[in-house]
Amino acid sequence: MFGAGGQGAKGTLPLIQRAAGAACFHLKPGFEGAVGIRLVNGRQMRQINRLHRGVDRPTDVLSFHMMDYDRGKPGFDPELEAEMPGGVIMMGDILISVEQAAKQAEAYGHSFKRACAYLTVHRMLPLMGFDLEAEEDKTLMRSHEEAVLAYLGLDRHKMHEG
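Residues numbered from 1 in each chain as written. Predicted model: local features only at pLDDT ≥ 70, side-chain atom pairs only at ≥ 80, totals over all residues. Heavy atoms only, no water.

**Side note on the packing of helix α1 (residues 13-27) against helix α5 (residues 112-127)**
Stage number 1. α5 packs onto α1 with a crossing angle of 35° between their chain directions and a minimal axis gap of 9 Å. For the pair α1 and α5, the crossing hand works out as right-handed. Where α1 abuts α5, its residues Leu15, Ile16, Ala19, Ala20, Ala23, Cys24 and Leu27 lie against Lys113, Arg114, Cys116, Ala117, Thr120, Val121, Met124 and Leu125.
Stage number 2. Looking at the contact of α1 with α5, its residues break down into 12 nonpolar, 1 polar and 2 charged. (Axes fitted to C-alpha atoms, helices over the stretch in contact; angles between N-to-C directions. Helix = DSSP H or I, 4+ residues; strand = E, 2+ residues; numbered from the N terminus. Left-handed = near helix turned anticlockwise from the far one by under 90°. Contact = heavy atoms within 4.5 Å. Nonpolar A, V, L, I, M, F, W, Y, C, P; charged D, E, K, R; others polar.)

The structure is reproduced here in structure tokens:
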């Protein structure tokens, strides 16, 4: 269950939702999770980045986890933590900068949709316990990202837009 909204999202939200779902399916956390995903403008992203990270500049994507994981495995009992109807666990939130996604799409020769899907997958992994700063996790994350994007038909080599 993945909710997405925000600016510049026309036609992009279904792919973002599929990308979040595919990342979860790939890592098989053993429960049904929910993630809030929002597309924001550069000014909003800069404010949020400054407030939460102390960095006064826009960034492409941020995530805020609500549960503890260790490389895709929950560090909690899903049956005890489920707070949403149907036993769904709120995993966290992802914010994607529309401007930064558009710049990355142009720089890499991808579509805006593909850039948003990549950023979604890229930030689903930290929500599930991967550390963006740890070299070992960076390697694992890249492998997971490539597998999920290939599953979606969005790998870098084919550039097929699903």
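Right, picking up where we left off after that structure.
**Quick look at the pattern of salt bridges**
Stage number 1. Applying the stated rule across the entire model yields 4 salt bridges.
Stage number 2. Between Asp56 and Arg46 there is a salt bridge, with its nearest N and O atoms 2.9 Å apart. Remark: Arg46 occurs in helix α2 (residues 42-53) and Asp56 occurs in the loop between α2 and β3 (61-65); sequence separation between them is 10 residues.
Stage number 3. The partner of Asp56 in a salt bridge is Arg50, with the nearest N and O atoms 2.7 Å apart.
Stage number 4. Accessibility expressed as a relative area gives 43% for Asp56, which makes it partly exposed.
Stage number 5. Relative accessible area serves as the criterion here: at 39%, Arg50 is assigned to the partly exposed category.
Stage number 6. Salt bridges sharing partners connect three or more residues here, namely Arg46, Arg50 and Asp56. (Salt bridge = Lys/Arg side-chain N within 4 Å of Asp/Glu carboxyl O. Buried < 20%, exposed > 50% of the residue type's maximum accessible area, 1.4 Å probe, protein only.)

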